[in-house]
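Residue-level structure breakdown
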Amino acid sequence: MSGYHKPDEKTLQGLKDIANKLRINSIKATCASNSGHPTSCCSAAELMSVLFFNAMRYKADDPRNQCNDRFVLSKGHAAPVLYAVWAEAGFVKESDLINLRKIDCDLEGHPTPKLEFVDVATGSLGQGLGAACGMAYTGKYFDKSSYRVYCMMGDGECSEGSVWEAMAFASYYKLDNLVAIMDVNRLGQSQAAPLQHDMEVYRKRCEAFGWNTYVVDGHDVEELCKAFWQAQQVKDKPTCIVAKTFKGRGLKNIEDQDNWHGKPIPKDKLDDVLKDLQSRIQVPNKTLCPHLPNEDLAPADLSPISLPSPPEYKKGDKMSTRRAYGIALARLGQASKRVVALDGDTKNSTFSELFKKSCPDRYIECFIAEQNMVGVAIGCATRDRTVAFASTFAAFFSRAYDQIRMGAISQSNVNLVGSHCGVSIGEDGPSQMALEDLAMFRAIPTCTVFYPSDAVSTERAVELSANTKGICFIRTSRPDTAVIYSPDEKFELGIAKVVCESDSDVATVIGAGVTLHEALAAHKILQSEGKNICVIDPFTIKPLDAATILSHARKTGGHVITVEDHYKEDFQQTSLSPSEYSSFGAVTGFEMF
């Protein structure tokens, strides 16, 4: 190809030598831990060598530099080869590699962002490409930077539908700064992958999804150098490098054999295997340095994000919280260019369309592919490049639960907004009703769960979530409800609002969203009958303001009623301590959030 310059022989030999060093260090690490996936590392050795020491541009001493090329190891079980790469680059001490999988070592069995060179956690297969799409979209359309994104995938994980959601997304948005590498080593965990080494079918599938595709020998460093260079020249299409490799490459009597997945090399074979690999290294002390990135991007602005003005509602105004979310998001987008929005073809129901109208260049339509939408949002939020809000019907986030779970492990700061919660959506029926979403998101570590009850509290929930670390979930409702808070009302995480109380309350009633308004209606009826109740709006379900709830429960003799638009959890099944049980005394209709 015109313009391509083949690397000199010393460089090619250096890349071959590095590949074998990566094998040696992956084997040593997995043997030291007596667990891991050395054969999965060995199939990717040349791919990783050429990628990190010929194709990619990055600062080896500053892995999270905003200008660096990005790398996602979607086949996360091959973590030792990634750690070996960074040892070769000089960031990780080679002596630390043998601490792989030890409880006091951050070199875990699968990569997490505890390590500076890891942006997203991987290991639950089929998710890396979606996150890489978010990084590439951010680089091309938001940052407008020259950094490129590379994602290493296994052939086994290509059975996951989320991979093909991401493939469709990348081609639709012409992510020519994205390169997927399929390590087609034929063997899965328990048997051969479905296509084995049918490289032509892989090619046709990738091309059918709109990708520029190269089928290569994944162990030929010269061929790989050329393929990565070619990918950099392509415009308006992502590139997939489909690499034919062999699991356990370079390991005698192990290469391309069944039943070696996730097994360290037996001790009686170890010396012979290492000696053989060492003998293939011709220039052991030659070091190839990575290319430096272009300095074309400023560090992220980490200043707090605030609404440009207080909410503009009056008490008694009728407004659904889903519409209030759209208004708040558009206002927040006007206040900060870091705010971006994603939706899954429900923008006219979630009202994220208001953000699209206000900030069209920062809106991403992800279509009906919720798994990929969450993955893209996580990718957009890496390295603090954006503050991402992704919305759909709350019920449909259950489809992306694994991506959400992995987002928490990724230490991601991403905001998920679920509309049409509970039975209050009405005639659409149970398939559209989120009745398990609170339980689902409460179980996610790092997750803050907002359940605003009017337009004012919704705007403040959006503002707070933009500045809260971890996963945030905002639950919004379909029906119009009255505004009950004044525009200057202050809201905080884990602080409930006592909406109604008196010295003669006979029960504490807790409601949120539409059920708070039902509780307030009950309060009026009971008050007309000479009975008073305390009504509490928790605002955040996690963290829950237990102190306020317990205090008022005691004042009302332990009579507590929760009114929930959600599947119930029986009181007997909650994890209350004995002291908390006794503090309630007689409990009427009590269900914990």
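Residues numbered from 1 in each chain as written. Predicted model: local features only at pLDDT ≥ 70, side-chain atom pairs only at ≥ 80, totals over all residues. Heavy atoms only, no water.

**Describing the environment of S504**
For clarity, the threshold we go by: Secondary structure elements follow DSSP: runs of H or I of four or more residues count as helices, runs of E of two or more count as strands, with numbering from the N terminus.
Topologically, S504 is positioned in the loop between β14 (497-500) and β15 (505-511). S504 sits 51 residues away from K555 along the chain, and the two C-alpha atoms are 9.1 Å apart.

**Here we look at the nonpolar core**
Selection criterion: Only buried residues count toward a nonpolar core, which is a set of Ala, Val, Leu, Ile, Met, Phe, Trp, Tyr and Cys residues joined through side-chain atoms within 4.5 Å. Relative accessibility decides the category of a residue: with a 1.4 Å probe and only protein chains considered, values under 20% of the type maximum give buried, values over 50% give exposed, and everything between is partly exposed. Contacts are residue-level and defined by heavy atoms, with any inter-residue pair within 4.5 Å sufficient.
With 69 residues, the main nonpolar core has L129, L178, M182, L342 and L416 as its most contacted residues. Setting aside residues no more than four positions away along its own chain, M182 makes contact with M153, C158, W164, M167, Y202, C206, C240, I241, V242 and A243.

**Digging into the packing of aromatic side chains**
What counts here: Note on ring pairs: Phe, Tyr and Trp rings are taken, using the six-membered ring of Trp, and paired if centres are within 6.5 Å. Classes follow the plane angle, with under 30 degrees stacked, over 60 edge-to-face and the rest tilted. The rule for a charge over a ring is simple: NZ of Lys or CZ of Arg within 6 Å of the ring centre, and within 35 degrees of the ring normal.
Under the criterion given, the structure shown has 25 aromatic pairs. With a centroid separation of 4.8 Å and an interplanar angle of 90 degrees, the aromatic rings of Y172 and Y173 are classed as edge-to-face. Given a relative accessible area of 52%, Y172 falls into the exposed group. With a relative accessible area of 14%, Y173 lands in the buried category. Aromatic pair F441 and F473: ring centres 3.9 Å apart, planes at 5 degrees, arrangement stacked. Of this pair, F441 sits in helix α15 (residues 437-442) while F473 sits in strand β12 (residues 472-475), and the two are 32 residues apart along the sequence. An identical accessibility class is assigned to F441 and F473; each is buried. Through successive ring pairs, a cluster of aromatic residues spans F52, Y58, F71, Y83, W86, F91 and F117. In this arrangement the basic side chain of R475 is found over the ring face of Y451, its NZ or CZ atom lying 4.9 Å from the centre. The ring of F491 carries the charged tip of K497 above its face, separated from the ring centre by 4.8 Å.

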